[in-house]
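# Observations on the model geometry
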Amino acid sequence: MARSLDIPTKGGFSFDLCRRNEMLLKKGIQLPSFRKTGTTIVGLVFQDGVILGADTRATEGPIVADKNCEKIHYMAPNIYCCGAGTAADTEAVTDMVSSQLQLHRYATGRESRVITALTLLKSHLFGYQGHVSAALVLGGVDVTGPHLHTVYPHGSTDTLPFATMGSGSLAAMAVFESKYREGLTRDEGIQIVSEAICSGIFNDLGSGSNVDVCVITKGNTEYLRNYQLPNPRTYVSSKGYSFGKGHTEVLSSKIIQLKPKIKAIEGGDAMEE
Amino acid sequence: MSIFEYNGSALVAMVGKNCFAIASDRRLGVQLQTIATDFQRVYKIHDKLYVGLSGLATDAQTLYERLVFRHKLYQLREERDMKPETFASLVSALLYEKRFGPYFCQPVIAGLGDDDVPFICTMDCLGAKELAKDFVVSGTASESLYGACESMYKPNMEPDELFETISQALLASVDRDCLSGWGGYVLLVTPTEVQEKILKGRMD
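The shown structure was predicted, so the numbers you read here are calculated from the model rather than taken from an experiment. (Residues numbered from 1 in each chain as written. Chains lettered and ligands numbered in written order. Predicted model: local features only at pLDDT ≥ 70, side-chain atom pairs only at ≥ 80, totals over all residues. Heavy atoms only, no water.)

### Overview of the overall build of chain B
From N to C terminus, chain B includes 4 helices and 12 strands. Whereas a compact globule of 204 residues would reach a radius of gyration of roughly 17 Å, chain B reaches 16 Å, a difference of no more than 12%. When its C-alpha atoms are laid out on the principal axes, chain B stretches across 45 × 40 × 25 Å. Within the span of chain B, comprising 204 residues, buried residues form 66% of the whole. Summarising the internal contacts of chain B: among those between residues at least 6 apart in sequence, 62% fall at separations of at least 24. For chain B, the computed accessible surface area is about 7500 Å², with 48% contributed by carbon and sulfur atoms. Chain B carries 21 positive and 28 negative side-chain charges, and their two centres are separated by 3 Å. (Helix = DSSP H or I, 4+ residues; strand = E, 2+ residues; numbered from the N terminus. Rg over C-alpha atoms; globule rule 2.2 N^0.38 Å. Buried < 20%, exposed > 50% of the residue type's maximum accessible area, 1.4 Å probe, protein only. Contact = heavy atoms within 4.5 Å. Areas by Shrake-Rupley, 256 points an atom, 1.4 Å probe, with all protein chains shown as cover. Lys, Arg positive; Asp, Glu negative; His and termini not counted. Charge placed at Lys NZ, Arg CZ, Asp CG, Glu CD.)

Here is the structure:
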């Protein structure tokens, strides 16, 4: 019976636990909250290409689950994507489209285009009618020039010269609207992007920690991880806690020695006939 | 009452110098009634890779069996053990497959990779990976664990000191959580040996 065998499936979602989870909901048990990336993500087009920026806080309800997560995901050597929304959805959808783009590059023999990534993302998200909760800022440079797009969870997209998404988008957009102009240089662009992310970090509770920046130009991509660290940890005690050996009360202990793995050597002495 | 608070659990993993430690509490309850005080939450995948599963106990056991099955198939095909990073991707994929009807489990994965570099990671119930260089926590006591680990953790601890630190952080945190406790189980793995210790804790 195929149903009881746990053969690795061919991919896509599996819905077999849905009935049980529905039953639990009816019994009054609340479903868990998923890890979200509260987030401030931004992108802008400058004279030579595209600059993407993101904060690095991942939240689980009101608790900070990860103080330094990566929200700028790789799609292709010339295309990167920032993700906001449910963390598992943004990671899974960007990984999936990145693999599809790689296969497409092998089939066509050409560099990927940003519009290809955009179409793959929007068709996937529209198909799941917004239940895959991923809001993305997609940017890259291809043969047709620099492109910046935003993708919403329901599958709609916008093509813009500068864009912000996430809970900190209003704070970041305020900075962009006052400082953005066409024809920015690389340094000016990075400066405006990090100011916008810092605005999100300090004013929005769902965003925090550090600033990540990614600069994409024709033929070159620079991923500046932790470009700015405006929130260093200052309250560490210099002595720290030190517990002496034997401080904790132990009921029983078992020590197992790990055997080193024996390697078989090729071309050793043959057995005598 | 949330589904994660049905059984109660506390899990923490910490990185030391060329070693790692993974610890869990030992209580299994059905809401407020304790039904077991020796429940195992940390499972072995291979000599240098362990996974702890918090959340609903039945989903934790089912998920463990599926993971062991997939790892055994991998061993047969590749003729070697899985690297911790690969295993983390496997767990993430298995959890995300059930995106719209998830397993109510939050795994904590800890292993020694190539050149005995320690690797730890945790995920939410949908498989969103969180790689950390210092510590990861999971379970109903996670909020207390975050606080205790933030203050007690130091980088590059030797195995003995790491054992003491992780035990104190675990015991301090479960004392502030009704649903976890009844002692602790700590597993410390170095390149040459594995130490399993059972801690005495409060029995309430």
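### Some remarks on the sheet that holds strand E11 (residues 184-189) of chain B
Taken together, 6 strands build an open sheet; the order of strands is E14(A)-E12(B)-E11(B)-E2(B)-E1(B)-E10(B) and the sheet is antiparallel. The sheet is open, and its two edges are formed by strand E14 (250-257) of chain A together with strand E10 (135-139) of chain B, each paired on a single side. Going across the sheet, the axis of each strand differs from the next one's by a mean of 10 degrees, ignoring polarity. Bridging between strand E1 (residues 10-15) of chain B and strand E2 (residues 20-25) of chain B involves 5 bridges; their strand directions are antiparallel. Its bridge partner lying in E2(B), B:Val12 is registered against B:Ala23. Each of E1 and E10 of chain B touches helix H3 (residues 142-152) of chain B; the most contacted strand, E10(B), lies at about 160 degrees to it. (Pairing = 2+ DSSP bridges. Axes fitted to C-alpha atoms, helices over the stretch in contact; angles between N-to-C directions.)

### Describing the UniProt feature "active site" (unreviewed entry) in chain A
This chain's UniProt record puts "active site" (unreviewed entry) on A:Thr39. Within the fold, A:Thr39 resides in the loop between strand E1 (36-37) and strand E2 (41-46). (UniProt positions renumbered as here; feature names shortened; annotations may be inferred.)

### Some remarks on the pairing of strand E8 (residues 134-142) of chain A
Residue and element names in this part refer to chain A. Most of E8 is tucked away, with 9 of its 9 residues classed as buried. Going residue by residue along E8, you find Ala-134, Leu-136, Leu-138, Gly-140 and Asp-142 tucked away on one face and Ala-135, Val-137, Gly-139 and Val-141 tucked away on the opposite face as well. The pairing of strand E7 (residues 79-86) with E8 spans 7 bridges and is classified as antiparallel. Note on E8: the bridge partner recorded for Tyr-80 is Gly-139.

### What about helix H4 (residues 159-174) of chain B?
Taking 1.5 Å per residue as the helical rise, H4(B) with its 16 residues ought to reach 22 Å, and the 22 Å between its terminal C-alpha atoms agrees with that figure. Counting buried positions over the 16 residues of H4(B) gives 13, a clear majority of the element. (Expected span 1.5 Å × (residues − 1).)

### Some thoughts on the interface of chain B and chain A
With 56 residues of chain B at the contact, the number on the chain A side is 57 residues. At the boundary of chain B with chain A, total buried surface from both sides reaches about 5100 Å², with 55% on carbon and sulfur atoms. When the buried area of chain B at its contact with chain A is split by residue, B:Tyr96, B:Glu97 and B:Phe100 rank highest and sum to 13% of it. Between A:Asp89 and B:Arg99 there is a salt bridge whose closest N-O contact spans 2.5 Å. Along the contact surface separating chain B from chain A lie 23 residue pairs in polar contact (both at pLDDT 80 or more). Secondary-structure elements contributing two or more residues to the side of chain B that touches chain A are helix H1 (57-78), helix H2 (84-97), strand E8 (118-123), strand E9 (129-132), H3, H4 and strand E12 (193-199) of chain B. For the side of chain B that touches chain A, the class distribution of residues is 23 nonpolar, 12 polar and 21 charged. (Buried area = accessible area lost by both parts, 1.4 Å probe. Salt bridge = Lys/Arg side-chain N within 4 Å of Asp/Glu carboxyl O. Polar contact = N/O pair within 3.5 Å; in protein donor to acceptor, adjacent residues only side chain to side chain. Nonpolar A, V, L, I, M, F, W, Y, C, P; charged D, E, K, R; others polar.)

### Topic: helix H5 (residues 186-203) of chain A
All names here are of chain A. Between the first and last C-alpha of H5 there are 26 Å, a value that for 18 residues agrees with the 26 Å anticipated at 1.5 Å per step. Three or more residues of H5 are buried, namely Gly-189, Ile-190, Ile-192, Val-193, Ser-194, Ala-196, Ile-197, Cys-198, Ser-199, Gly-200 and Ile-201. Buried-residue contacts for H5 involve E2, strand E3 (49-54), helix H4 (169-179), strand E12 (211-217) and strand E13 (220-228).

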